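Listed here are the chains, written in short residue letters.
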Amino acid sequence: MSGRLRAVVERDLRDPFRSRAVWPVLLLFVVFFGGPVALTGGGRPGAQAPGLLNQMQIVVFLFLPLAALQFGYDRVAGPRETGEIRLLLAPPHSRRAFVLGTFLGRAAFTALLVTVGYLVATVAYAAVVGVPDPVRTVGGYLLALALGVAVTGLAVGLSASMSTRGRATITAAAAYLTLLTFWESIPTAVRFVGNGLRAPTGPQPEWAVAFAQTVPTRAYRNLAANLLPNAAPPDIVTAGPPAAVLVLVAWTVVPLAVGIARFERADL
Amino acid sequence: MPALQLDSVSKRFGGVRALDDVSFTVERGEVYGFLGPNGAGKSTTIDILLDYVRPSAGSVSVFGHDAQAEPTAVHARTGILPDATGLTGHLTARQHVRYAVDSKGSDENPLALLDRVGIALDADRTVGGFSKGMRQRLLLACALVGEPDLLILDEPSTGLDPNGARRMREIVREENERGATVFFSSHILEQVAAVCDRVGILSGGALVASDSLDGLRERVGSVGRLTVTLDTPSEAAVAAVRDLAGVSDVRVDGASVSASCPPDRKAAVVDAARRDGADVVDIRTEEASLEELFAAYTEGEEGEVA
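Predicted model only: the values in this text are computed from it and were never measured.

1. Some points on the overall build of chain B
Then, in step 1: Regarding its fold elements, chain B presents 11 helices and 14 strands.
Then, in step 2: Seen through its C-alpha atoms, chain B measures out along the principal axes to roughly 75 × 45 × 35 Å.
Then, in step 3: Split into buried and exposed, the 306 residues of chain B put 51% on the buried side.
Then, in step 4: Taking the contacts inside chain B whose residues are at least 6 apart along the sequence as the reference set, 68% of them involve residues at least 24 apart.
Then, in step 5: Surface accessibility of chain B: about 12700 Å² in total, with carbon and sulfur atoms responsible for 46%.
Then, in step 6: Computing the positive centroid from 31 side-chain charges and the negative centroid from 48, chain B places the two 4 Å apart.

Structural data, given as structure tokens:
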């Protein structure tokens, strides 16, 4: 007999409401998702209209990973530091099930934030501009969900790898910067070192471009570009839809798997 | 099959030896008190029983399930009150119990459990404002979920007022009568004496005794306290008692002289007290207090530690 995982999922999904931490974040989602659409009127009208998806991209890219990390980074490391993990694992939940339940609860919460943000943006767009393109809107929404879930997997996986909240905080901050810029700078850093610690010259070699695509924020944008008429993702295999989907899945699963393995081996 | 069985369990944290070759058994239906000073390794032992911490050597089984290989099978039958645990402050007492109830697939009413530990009126308060005693009661309520076959309580009376401590003892007895095995650690001796069938004493990471209280008394071999009350007490009588071989810890309280002594020295104490011609008004003997036993085992003063 094992524990009812649902209790863990529910605990994590409901916690932001019980702690009231959800309300300021929800307010920010409403402002950041709805605000730009309402203020710019969805951009210029006519054939050049950027559309809802185009406007959402930058918001999702900057804001969604931050929220997903913020709500995930301390869910395992925090109780481990305070000792509450003994109480949370007192029912017959295996450590693996506990981390997975935490991930599912938080992923559902992230999905809720994305849904609210997208609903507000869609309503604002419909009010100011007109009915948005349904394929791009739904497609963009699903891509945002996928990015949110991937970063939640990363956050919970990192949290399960860390023994204290302090370490989890630093790791989460590093993870956010990695998603935003660091990952794409790694090839440049490698070239800098390979070039005898001098700035590399010439165009980016193909491997550097290929590597830069393998971060979920970039995968999200590459997939979104496939839905937009005049956006062009780099013409390289790691930017193609199958590779981009694989990147999102890998960033969800690998950190979780590593986190679970480390958590299972740890003395709590 | 015993409820709990530890075989040669050792645990090192880095270079520190927390547990050293600890073996003991707790039978089904027993109330077993796990005694020891702070830092003796009690919580580490419990952490290993529950697979929160892995032993460096040795094995542990609970109802025949290997604690490391089948922790969820162990937890399914066990109610746990962990020591020094944080509690998410923005959740209510009811929400904390609800998590345990839902996790165990039980259909109990959290309020009934909170009522049993005496904090039903605070069920919907967030626990951030709870006193240590209220938190402890809440943790006990969580441990009781699902009528477990085994209760593992780590320092359950920490922070409890006398009423709370009494309620804790009553609940331990009730659960034991229901058929549950109870294993609890404490450094508070009265708690152990009041409810335990057997006690184990842990000192410096090693198990120095595991026996019934009577058995422990016998093995320590000393020491009762004999109190002689005189009609005309005198300095000379006290000095005479002090001079006796095998007698220690002589105290004077008004007309009474008391001393720790083995049974075969009692007559000598009475004789010495009367030496100055005083009449004996009263003689009282007491068994060794648990405190004295505890000191004997953990400080090694008696030299006969098992």
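Continuing now.
2. Comments concerning the environment of B:G64
Residue and element names in this part refer to chain B.
Then, in step 1: Counting through the fold element by element, G64 comes out in the loop between β4 (57–62) and β5 (65–66).
Then, in step 2: By relative accessible area, G64 is classed as partly exposed at 49%.
Then, in step 3: In this structure the C-alpha to C-alpha distance between G64 and L4, which are 60 residues apart in sequence, comes to 8.0 Å.
Then, in step 4: Filtering out sequence-adjacent residues up to four positions away, G64 remains in contact with M1 and P2.

3. Concerning the interface of chain A and chain B
Size of an interface, as often reported, equals the accessible area lost when the parts are brought together.
Then, in step 1: On the chain B side, the residues contacting the 29 residues of chain A number 29 residues.
Then, in step 2: Counting the surface lost from both chain A and chain B, the interface buries some 2500 Å², and carbon and sulfur atoms represent 54% of this.
Then, in step 3: On the chain A side of the interface with chain B, the three residues burying the most area are A:R18, A:R86 and A:L87, jointly 25% of the side's total.
Then, in step 4: Where chain A packs against chain B, one counts two salt bridges.
Then, in step 5: At the surface where chain A touches chain B, the tally comes to 18 residue pairs in polar contact (both at pLDDT 80 or more).
Then, in step 6: Breaking the side of chain A that touches chain B down by element, the ones donating at least two residues are α1 (5–18), α5 (85–88), α6 (95–128) and α11 (241–265) of chain A.

4. Overview of the sheet that holds β5(B)
Residues and elements named next belong to chain B.
Then, in step 1: Read from one edge to the other, the open sheet built from four strands follows the order β2-β1-β4-β5, with strand pairing classed as antiparallel. Because the sheet does not close on itself, it has two edges, and the strands there are β2 (16–26) and β5.
Then, in step 2: By the bridge criterion, five bridges tie strand β1 (residues 4–13) to β4 in an arrangement that is antiparallel. Residue pairing in the sheet places D7 in a bridge with S59 of β4.
Then, in step 3: Packing against the sheet, helix α1 (residues 42–49) makes contact with β1, β2 and β4, and its axis sits at approximately 115° to β1.

5. Some points on the confidence of the model for chain B
Residues and elements named next belong to chain B.
Then, in step 1: Summary statistics for chain B give a mean pLDDT of 87 and a share of 93% for residues scoring 70 or more.
Then, in step 2: Per-element confidence in chain B ranges from a low mean pLDDT of 69 for helix α11 (residues 290–299) to a high of 97 for helix α4 (residues 110–116).
Then, in step 3: With pTM at 0.85, the complex prediction returns an ipTM value of 0.89.

6. What about the pattern of salt bridges?
Residue and element names in this part refer to chain B.
Then, in step 1: Throughout the structure, instances matching the rule amount to 28 salt bridges over all chains.
Then, in step 2: Between D20 and R17 there is a salt bridge, with the nearest N and O atoms lying 2.9 Å from each other.
Then, in step 3: Of the residues examined, D20 reaches a relative accessible area of 34% and is grouped as partly exposed.
Then, in step 4: Across the pair D149 and R77 runs a salt bridge, and its minimum N-O distance is 2.8 Å. One end of the pair, D149, is in the loop between α5 (132–144) and β7 (150–154); the other, R77, is in the loop between α2 (71–76) and β6 (78–81), with 72 residues separating them in the sequence.
Then, in step 5: The exposure class of R77 is partly exposed, given its relative accessible area of 25%.
Then, in step 6: Where salt bridges share partners, they join R116, R166, R167, E170, E174, E175 and R178 into one cluster.

7. Re helix α9 (residues 235–243) of chain B
Since the α-helix turns once every 3.6 residues, residues separated by three or four places project in the same direction.
Residue and element names in this part refer to chain B.
Then, in step 1: For α9, the full list of buried residues reads A237, V238, A240 and V241. Projection of α9 onto a plane perpendicular to its axis shows the buried side chains occupying an angular sector of 160°, all on one side. Those residues of α9 that are exposed and aimed more than 90 degrees away from the buried face are E235 and D243.
Then, in step 2: The inward-facing, buried residues of α9 contact β11 (224–230), β12 (248–253), β13 (256–261) and α10 (266–273).

8. A word on the nonpolar core
Residues and elements named next belong to chain A.
Then, in step 1: F29, F33, V60 and Y118 are the most contacted members of the largest nonpolar core, which has 48 residues in total.
Then, in step 2: Elements supplying a minimum of two residues to this core: α2 (22–40), α3 (51–72), α6, α7 (134–161), α8 (165–194), α10 (216–227) and α11.
Then, in step 3: Sorting elements by how many residues they give to this core places α3 first, with 12 residues.

9. Looking at the side chain of B:S185
Residue and element names in this part refer to chain B.
Then, in step 1: With respect to the helices and strands, S185 occurs in strand β8 (residues 181–186).
Then, in step 2: Here D154 takes part through its side chain, which lies 2.6 Å from a polar atom of the side chain of S185.
Then, in step 3: A distance of 3.0 Å separates a polar atom in the side chain of S185 from the backbone nitrogen of E155.
Then, in step 4: Setting aside chain neighbours within four positions, we find S185 in contact with F34, K42, I46, L153, D154, E155 and P156.

10. Topic: α10(B)
Then, in step 1: Residues B:A268, B:V269, B:V270, B:A272 and B:A273 constitute the buried set of α10(B).
Then, in step 2: At its buried positions, α10(B) is contacted by β11, α9, β13 and β14 (280–286) of chain B.

11. A few points about the side chain of B:D47
Then, in step 1: Relative to the helices and strands, B:D47 resides in helix α1.
Then, in step 2: By relative accessible area, which is 8% here, B:D47 ends up buried.
Then, in step 3: In this structure the side chain of B:D47 is engaged in a polar contact, spanning 2.7 Å, whose partner is the side chain of A:R86.
Then, in step 4: Beyond its immediate chain neighbours, meaning those up to four positions away, B:D47 contacts A:R86, B:Y52 and B:V53.

12. Points about the environment of B:G105
All names here are of chain B.
Then, in step 1: Secondary-structure assignment places G105 in the loop between α3 (93–103) and α4.
Then, in step 2: Residue classification places G105 among the partly exposed residues on the basis of a relative accessible area of 35%.
Then, in step 3: Sequence spacing of G105 and G205 is 100 residues, and the spatial spacing of their C-alpha atoms is 37 Å.

13. Here we look at empty space enclosed by the protein
All names here are of chain B.
Then, in step 1: Tallying each qualifying case throughout the model produces three cavities of 30 Å³ or more.
Then, in step 2: Considering the residues around the largest cavity, the lining is formed by 24 residues, among which Q95, H96, R98, Y99 and A100 are closest to the centre.
Then, in step 3: Take the lining of the largest cavity: its biggest share by element is six residues, from α3.
Then, in step 4: Counted by class, the lining of the largest cavity contains 12 nonpolar, four polar and eight charged residues.

14. Here's the deal with the layout of surface pockets
Then, in step 1: A volume near 420 Å³ is recorded for the largest pocket.
Then, in step 2: The wall of the largest pocket is formed by 21 residues, among which A:D74, A:R75, A:R165, B:T88 and B:H90 lie closest to the centre.
Then, in step 3: Of all the secondary-structure elements, those providing two or more residues to the lining of the largest pocket are α1, α3 and α4 (77–82) of chain A.
Then, in step 4: Looking at side-chain class alone, the lining of the largest pocket contains six nonpolar, eight polar and seven charged residues.

Rules and cut-offs
Residues numbered from 1 in each chain as written. Chains lettered and ligands numbered in written order. Predicted model: local features only at pLDDT ≥ 70, side-chain atom pairs only at ≥ 80, totals over all residues. Heavy atoms only, no water. Helix = DSSP H or I, 4+ residues; strand = E, 2+ residues; numbered from the N terminus. Buried < 20%, exposed > 50% of the residue type's maximum accessible area, 1.4 Å probe, protein only. Contact = heavy atoms within 4.5 Å. Areas by Shrake-Rupley, 256 points an atom, 1.4 Å probe, with all protein chains shown as cover. Lys, Arg positive; Asp, Glu negative; His and termini not counted. Charge placed at Lys NZ, Arg CZ, Asp CG, Glu CD. Buried area = accessible area lost by both parts, 1.4 Å probe. Salt bridge = Lys/Arg side-chain N within 4 Å of Asp/Glu carboxyl O. Polar contact = N/O pair within 3.5 Å; in protein donor to acceptor, adjacent residues only side chain to side chain. Pairing = 2+ DSSP bridges. Axes fitted to C-alpha atoms, helices over the stretch in contact; angles between N-to-C directions. pLDDT = per-residue confidence, 0-100. Arc of directions from axis to C-beta. Core = buried A, V, L, I, M, F, W, Y, C linked by side-chain atoms within 4.5 Å. 1 Å grid on protein atoms, 1.4 Å probe; cavity = no way out; pocket = protein on both sides within 12 Å on 5 of 7 lines; lining within 4 Å. Points joined across faces, edges and corners; volume = space filled by probe spheres on them. Nonpolar A, V, L, I, M, F, W, Y, C, P; charged D, E, K, R; others polar.

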